[in-house]
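Observations on the model geometry
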Amino acid sequence: MSAPALRGAPPPDAAPDWTVDQAWSHYTAQEHQVWLTLYERQVQVLAGRACDAFLHGLDALDLHGDGVPDFARVNERLSRLTGWSVVAVHGLVPDEVFFDHLANRRFPAGRFIRRPDQLDYLQEPDVFHDVFGHVPMLTDPTFADYMQAYGRGGARASGLGQLHHLARLYWYTVEFGLMDTSAGRRIYGAGIVSSRAETLYSLEDPGPRRVPFDLDQVMRTPYRIDDLQQLYVVIPSLQTLLDVTLQDFAPVYERLAGQPDLPLEG
Ligand code: PHE
Ligand code: FE
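Residues numbered from 1 in each chain as written. Chains lettered and ligands numbered in written order. Predicted model: local features only at pLDDT ≥ 70, side-chain atom pairs only at ≥ 80, totals over all residues. Heavy atoms only, no water.

**Description of the site of ligand 1**
As a matter of local geometry, ligand 1 sits amid Tyr-146, Ala-149, Tyr-150, Gly-153, Arg-156, Leu-166, Leu-169, Thr-245, Leu-246, Gln-247, Asp-248 and Phe-249. Between ligand 1 and the protein, one listed contact pairs an oxygen atom with a side-chain N or O atom of Arg-156 at 2.6 Å. Between ligand 1 and Thr-245, the relevant distance is 2.6 Å, taken from a nitrogen atom to a main-chain nitrogen or oxygen of the residue. Burial of ligand 1 by the surrounding chains reaches 93%, relative to a free accessible area of 330 Å². Elements that contribute at least two residues to the shell around ligand 1 include exactly helix 6 (141-159) and helix 7 (163-175). With five residues, helix 6 is the single largest residue contributor to the shell around ligand 1. (Near = heavy atom within 4 Å. Polar contact = N/O pair within 3.5 Å; in protein donor to acceptor, adjacent residues only side chain to side chain. Areas by Shrake-Rupley, 256 points an atom, 1.4 Å probe, with all protein chains shown as cover. Helix = DSSP H or I, 4+ residues; strand = E, 2+ residues; numbered from the N terminus.)

Below, the structure is given as structure tokens:
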């Protein structure tokens, strides 16, 4: 048994829920230019590769206009579509804070943007990854419900000591998910759509494995955060993803307790 981890305090300028003002007027011309550069080159590669829900969301939210989007303006559109909103945070927030935002249909997004020499890779999620990568999918009603359910499930998994299992579901769906559609295989994962290299690699490189979605297998498979993925999980539709994950995970966690992790290399 272990004592519950003490929850750290938010940074001095943040609210108790760890949010801060986006301070949109403080972005410099160079920072806006970084957004525009990234936006343009992703749009080039995403046509025919990202799923329709993502591309429609990108259009509906008008994320290209003046560089880094003003969250207040994004939220006017997003809240009308699915009741979600984007809130600014400094970077990563504690798990329980993150889950609480999701459970209330708020997506916490980093407000800083990478430097011009970091266009291709960044360890920490910045506003481009968080807003360009994650927010368009939140305009899709099914995905919007999935993310909220994930937030509720996170609080629950945390209480059951099962976050390591649940986090893998997030990784292989929300971050690096692929989907089969009648038009072909498409990307919906935020970690892919916000990266030019991974957009091409995930769909077209012969190297990585691509396996059909299976909840137990996903939860038993570790992941690496420091390189292109060696494994992508393919869902048949967003509705299937939501249907499968709406089941009670308590028996799933029990069943997994006796089973070893699966190797990343098939
Ligand atoms: N059904 C999950 C549970 O019982 C909650 C959940 C839903 C988790 C959707 C992730 C995604 O805990
Ligand atoms: Fe992310």
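**Regarding the packing of aromatic side chains**
Any aromatic ring pair is given by two values, namely how distant the centres are and how the planes are angled relative to each other. Taken as a whole and assessed by the stated rule, the structure comprises 14 aromatic pairs. Between Trp-171 and Tyr-223 the ring centres are 4.2 Å apart and the planes differ by 10 degrees, which places this aromatic pair in the stacked class. Of the two residues, Trp-171 sits in helix 7 while Tyr-223 sits in the loop between helix 10 (215-220) and strand 6 (231-235), which places them 52 residues apart along the sequence. Aromatic side chains Phe-249 and Tyr-253 sit 5.9 Å apart centroid to centroid with 85 degrees between the ring planes, which places their arrangement in the edge-to-face category. Accessibility classification places Phe-249 together with Tyr-253 in one group, the buried group. (Phe/Tyr/Trp six-rings, centres within 6.5 Å; stacked < 30°, edge-to-face > 60°. Buried < 20%, exposed > 50% of the residue type's maximum accessible area, 1.4 Å probe, protein only.)

**Considerations on the coordination of the iron ion (ligand 2)**
Around the iron ion (ligand 2), the protein supplies His-129 (NE2), His-134 (NE2), Glu-175 (OE) and Glu-175 (OE) as donor atoms, at distances of 2.0 to 2.8 Å. Coordination at the iron ion (ligand 2) comes from four donor atoms whose angles at the metal span 51 to 135 degrees, giving a geometry best classed as irregular. Counting residues between consecutive donors of the iron ion (ligand 2) along the chain gives the motif H-x4-H-x40-E. Of this pair, His-129 sits in helix 5 (residues 127-134) while Glu-175 is found in helix 7, placing the two residues 46 residues apart along the sequence. (Donors = N, O, S within 2.8 Å, 3.2 Å for Na, K, Ca; no water. Tetrahedral: all angles 85-135°; square planar, octahedral: opposite > 155°, others 65-115°.)

**Section: the side chain of Ser-194**
Structurally, Ser-194 can be placed in the loop between helix 8 (190-193) and helix 9 (196-204). By relative accessible area, which is 9% here, Ser-194 ends up buried. Of the polar contacts made by the side chain of Ser-194, one reaches the side chain of His-129; its length is 3.0 Å. In terms of polar contacts, Ser-194 uses its side chain to reach the backbone carbonyl oxygen of Ala-190, at 2.7 Å. Beyond its immediate chain neighbours, meaning those up to four positions away, Ser-194 contacts Gln-42, Phe-128, His-129, Phe-132 and Gly-133. (Contact = heavy atoms within 4.5 Å.)

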